[in-house]
Amino acid sequence: MAEQPKQSGVKKTGFLPIHTNAFDRVFIGTIVFVAVHLFWMRFLEVHLPLFLATILSVVIGWIIVARG
Amino acid sequence: MRSQSIGWLLLAPTLIILVIFGLVPFFYVLVVGFTEWNAFAANPGAHFYGVENYRHLVFDEQLLYSLWITLRFAFFAVLSEIILGYFLAQLMMKDFPLKGFFRTIHTLPLMVAPIAVGATWRLLTVPGLGPVPYYLDRWFGIDYRLGSFADQAFWTTVLMDVWHWTPLVTLTLLAALSSLPKEPFEQAQIDGANRFQIFRHVTLPMLKPAILATVFIRMMDALRTVDEVWMLTGGGPAAATRYIGLYIWRVVFPKTDYGYGSAMSLLALYLTIVMCWLLYVALVARRDLPKGD
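This section reports on the structure supplied with the text. Bear in mind that the values here come from a model prediction, so they are computed numbers and not experimental data.

### What to know about the overall build of chain B
Check the secondary structure of chain B and you find 12 helices and two strands. Helices and strands in chain B line up, N terminus first, as α-β-β-α-α-α-α-α-α-α-α-α-α-α. Structurally, chain B occupies a C-alpha span of about 75 × 75 × 35 Å along its principal axes. Residue burial in chain B is summarised as follows: out of 293 residues, 26% are buried. Within chain B, residue pairs in contact and separated by at least 24 positions form 70% of the contacts whose partners lie at least 6 positions apart.

Here's what the structure looks like:
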């Protein structure tokens with residue numbers, strides 16, 4: 001009997017507009033992490049320190065990985 | 001178990017090459033991006049600099065301008081290449097006299113090195129020497145001076161890129177068109193669809209994977225263009241054609257600011273990945289798109 005190829009990951013449907021596996025969600029989380037930091041440094045760092053951007057992007061990343 | 005070992009053994013050369021030439025340089029640039037490392041500085045060695053390079057680049061007006069014109073360049077060049085390449089591929093699906101000769105001539109620019117393409121276009125367009133400014137002035141009264149007018153320099157670089165890379169798009173789409181089954185087209189004709197409807201509802205959906213792959217390849221190429229433009233305009237006049245690749249080159253080599261150059265390279269890579277991913281999501285991976293598209 002022919003061996004069936006394994007699936008690369010479990011596809012999931014969350015709030016993101018695409019079907020994602022764990023790798024996709026970590027990738028999106030990383031993209032968001034960088035974007036939040038760059039945006040923060042450009043527009044908000046004068047008023048708010050950068051570690052808040054790290055906290056915010058880790059929270060967003062966790063939400064994306066868990067529920068995206 | 002044994003077949004799995006053989007699989008890994010066969011994959012090993014590719015994986016080793018990928019790690020040595022892909023992952024190692026990437027992580028090296030990632031580390032250098034967090035250092036201050038300038039060969040001309042008082043302390044020329046690399047030392048940890050935190051996120052200062054990234055803090056600097058989000059306020060670097062020259063870099064942001066370079067990014068903006070690079071995006072403009074990529075948009076106009078890739079769009080023109082896809083449209084022109086599609087029509088040329090459709091043309092080559094038909095029989096006409098000297099088709100083989102035309103196809104060979106059309107493919108020739110692909111074989112020319114980018115630096116030679118830039119040199120050729122430079123010789124064609126330099127005022128007082130090249131035929132293009134001479135005939136534009138003589139026939140249309142157009143004052144064409146690449147070194148003086150920013151718009152002319154920009155559109156000439158777009159035109160040069162289109163000339164160089166449209167054959168790649170043509171060949172890719174020609175291969176895709178040749179492999180399409182005939183039945184859906186015949187059925188659409190029987191159902192009374194006109195040519196535009198056939199294009200919109202039959203050809204385009206079936207060509208979508210090939211078009212998307214071509215757009216990705218061309219967009220990544222267009223965003224990192226350096227040598228052609230360097231040869232043609234040198235990034236000028238002023239900063240009119242100083243695309244992101246050229247700007248990074250200036251910072252890394254003449255200025256020897258390796259830390260900041262690495263940070264800019266990573267930003268360019270980041271933007272390229274994000275744009276390709278967004279395009280992929282918008283055109284292919286959205287949940288609300290019908291299956292099979």
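### Some details on the interface of chain B and chain A
Each side of the interface is counted separately: chain B has 10 residues, and chain A has eight residues. Elements that contribute at least two residues to the side of chain B that touches chain A include exactly α2 (52-57) and α12 (258-285) of chain B. Take the side of chain B that touches chain A: its biggest share by element is four residues, from α12 of chain B. For the side of chain B that touches chain A, a count of residues per class yields seven nonpolar, no polar and three charged.

### A word on helix α8 (residues 183-190) of chain B
Counting buried positions along α8 of chain B gives zero out of eight residues, so the element sits mostly on the surface. One or two residues past the end of α8 of chain B sits G192 of chain B, with phi positive at roughly 90°.

### Thoughts on unusual backbone geometry
Most peptide bonds take the trans form, and the phi angle of most residues other than glycine is negative. Residues and elements named next belong to chain B. Put simply, G236 and P237 share a cis peptide bond, and its omega is -5°. Looking at where P237 falls in the secondary structure, it is placed in the loop between α10 (227-232) and α11 (244-252). Its identity is not glycine, yet A238 carries a phi of approximately 55°, on the positive side. With respect to the element layout, A238 can be found in the loop between α10 and α11. Residue classification places A238 among the exposed residues on the basis of 9 C-beta atoms within 10 Å. Phi at T256 is positive, roughly 50°, even though this residue is not glycine. The topology assignment puts T256 in the loop between α11 and α12. On the basis of neighbour counts, which here come to 14 C-beta atoms within 10 Å, the residue T256 falls in the partly exposed class.

### Concerning the packing of helix α1 (residues 22-44) of chain A against helix α2 (residues 50-67) of chain A
Residue and element names in this part refer to chain A. Contact geometry for α1 and α2: axes closest at 9 Å, N-to-C directions at 160°. Put simply, α1 runs roughly antiparallel to α2. Judged by the twist between their axes, the crossing of α1 over α2 is right-handed. Facing R25, V26, I28, G29, V32, F33, V36, H37, W40 and M41 of α1, the residues of α2 in contact are L50, A53, L56, S57, I60, G61, I64 and V65. For the contact of α1 with α2, the class distribution of residues is 13 nonpolar, four polar and one charged.

### Regarding the nonpolar core
All names here are of chain B. Grouped together as the largest cluster of nonpolar side chains are 41 residues, with contacts concentrated most on A77, A263 and M264. Every element with two or more residues in this core is listed here: α2, α3 (61-93), α5 (114-125), α7 (150-178), α9 (195-223), α10, α11 and α12. Per-element tally for this core: the top contributor is α7, with 10 residues. Residues within four places of A77 in sequence aside, it is in contact with V158, D161, V162 and A222.

### As for the environment of A268 of chain B
All names here are of chain B. Considering the arrangement of structural elements, one finds A268 in helix α12. Take A268: there are 21 C-beta atoms within 10 Å of it, and that puts it in the buried class. Residues A268 and R145, spaced 123 residues apart in sequence, show a C-alpha to C-alpha distance of 30 Å. With near-sequence residues (within four places) excluded, A268 lies in contact with L223, I244 and I248.

What counts as what
- Residues numbered from 1 in each chain as written.
- Chains lettered and ligands numbered in written order.
- Predicted model: local features only at pLDDT ≥ 70, side-chain atom pairs only at ≥ 80, totals over all residues.
- Helix = DSSP H or I, 4+ residues; strand = E, 2+ residues; numbered from the N terminus.
- Buried ≥ 20, exposed ≤ 12 C-beta atoms within 10 Å, placed from the backbone.
- Contact = placed C-beta atoms within 7 Å.
- Nonpolar A, V, L, I, M, F, W, Y, C, P; charged D, E, K, R; others polar.
- Axes fitted to C-alpha atoms, helices over the stretch in contact; angles between N-to-C directions.
- Parallel < 35°, antiparallel > 145°, perpendicular 65-115°, else oblique.
- Left-handed = near helix turned anticlockwise from the far one by under 90°.
- Core = buried A, V, L, I, M, F, W, Y, C linked by C-beta atoms within 7 Å.

The quantities given are spatial measurements derived from coordinates; they are silent on function.
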